[in-house]
Amino acid sequence: MIITKQIDLQYSIKQHLAEKTGYKVVWIYDGVKLPDTKPFITIEQMQNNTSMLTKLRETVRTIYHFQVGVYANSAAERADVQETVRRIFLFDRFKLVDAEDPSKELGLFCVDMTGETPISAEDLSDKTSYHRVFFDIEVDTTYQAY
């Protein structure tokens with residue numbers, strides 16, 4: 001049995017988006033600098049929800065949440081990239097790849113898109129913040145104790 005690790009999911013989503021869109025995908029972490037050249041995509045870990053499905057804790061369910069951002073040069077480009085990313089989340093199956101050994105495929109998974117929100121720039125002098133949209137996605141995993 002494979003216990004899904006969050007880092008493998010995030011890495012797999014990042015790689016899949018880069019491959020399917022051809023755009024740079026930036027992993028968001030403390031201190032990361034966003035690229036100057038658009039369009040690009042970001043992926044960031046959000047809160048996870050874990051629950052026990054059986055009284056003796058033999059079965060565990062974790063829902064991993066991520067936020068994926070699209071940064072574009074114009075409203076038209078944002079709409080185009082947004083549509084591409086939306087279709088990926090709605091219809092694609094993602095290869096689960098081991099982040100420590102990317103040549104190792106662990107299986108397949110799907111994501112559930114739970115939100116899609118355009119965000120206006122808060123500071124008009126920050127051109128990076130123009131023409132953004134964010135997707136909320138989740139991956140639902142269930143596994144049993146050894």
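Chains are numbered independently. Their residues run from 1 in the order of the written sequence. In keeping with the predicted nature of the model, local features appear solely for residues at pLDDT of at least 70, side-chain atom pairs appear and are counted solely at 80 or more, and the whole-chain, interface and lining totals rest on all residues. For side-chain calculations, the full set of non-hydrogen atoms in the structure is used, while hydrogens and water are omitted.

Draft legend 1. Broad picture of the sheet that holds strand β1 (residues 24-27). By definition, two strands form a pair when at least two bridges between them are found by DSSP. The numbering of helices and of strands both runs from the N terminus, where a helix is a DSSP run of H or I of at least 4 residues and a strand a run of E of at least 2. The strand order across the open sheet built from five strands is β1-β2-β3-β7-β6, with neighbouring strands paired in mixed fashion. Of all strands in the sheet, those bounded by a partner on one side alone are β1 and β6 (112-119). Ignoring which end each strand starts from, the neighbouring axes of this sheet average 25 degrees apart. Each of β1, β2 (40-52), β3 (59-71) and β7 (132-144) touches helix α1 (residues 6-21); the most contacted strand, β2, lies at about 150 degrees to it. Strands in contact with helix α2 (residues 75-91) are β2, β3, β6 and β7; relative to β7, the strand with the most contacts, it is inclined by about 10 degrees. What counts as an axis is a line fitted to C-alpha atoms, over the stretch in contact for a helix, and the angles between N-to-C directions run from 0 to 180 degrees. Note on contacts: a residue pair is in contact if any heavy atoms of the two residues lie within 4.5 Å.

Draft legend 2. Molecular detail of the pattern of salt bridges. Any Lys or Arg side-chain nitrogen found within 4 Å of a carboxyl oxygen on Asp or Glu counts as a salt bridge. Counted under the stated rule, the structure contains seven salt bridges. When the shortest N-O distance is used, the salt bridge between Glu-116 and Arg-86 registers 2.6 Å. Note that Glu-116 is positioned in strand β6 and Arg-86 in helix α2, a separation of 30 residues in sequence. Each residue gets one of three labels from its accessible area relative to the maximum for its type: buried under 20%, exposed over 50%, partly exposed in between, using a 1.4 Å probe on protein chains only. The class of Glu-116 is partly exposed, set by a relative accessible area of 26%. Residues Lys-95 and Glu-105 are paired through a salt bridge, measuring 3.9 Å at the closest nitrogen-oxygen approach. Placement of the pair is Lys-95 in strand β4 (residues 94-98) and Glu-105 in strand β5 (residues 101-109), with a sequence separation of ten residues. The exposure class assigned to Lys-95 is partly exposed, which follows from its relative accessible area of 41%. Residue Glu-105 is classed as exposed on the basis of its relative accessible area of 52%. Ionic contacts of the salt-bridge type, sharing partners, join the residues Glu-83, Arg-86 and Glu-116 into one network.

Draft legend 3. Structural view of the pairing of β2. One ladder, built from four bridges, connects β1 with β2; its direction is parallel. Its bridge partner being in β2, Lys-24 is matched across the sheet by Phe-40. The sheet contact formed by β2 and β3 spans eleven bridges and is antiparallel. Across the sheet, residue Thr-50 finds its bridge partner in β3, namely Thr-62.

Draft legend 4. Expanded view of the pairing of β4. Of all five residues making up β4, four are buried, and the element is well covered by its neighbours. As paired strands, β4 and β5 are joined by five bridges and run antiparallel to one another. Within β5, the position partnered with Lys-95 by the bridge is Leu-108. Taking the residues that link successive antiparallel strands as the turn, the β4-β5 hairpin has two residues.

Draft legend 5. A look at the side chain of Lys-14. Along the chain, Lys-14 falls in helix α1. Buried and unpaired, Lys-14 has no salt bridge, with Glu-19 as the nearest side chain of opposite charge at 11 Å. In this view, Lys-14 contacts Val-25, Trp-27 and Ile-43; residues no more than four positions away in its chain are not counted. Charge assignment in this entry is limited to Lys and Arg as positive and Asp and Glu as negative, and neither His nor the chain termini are counted.

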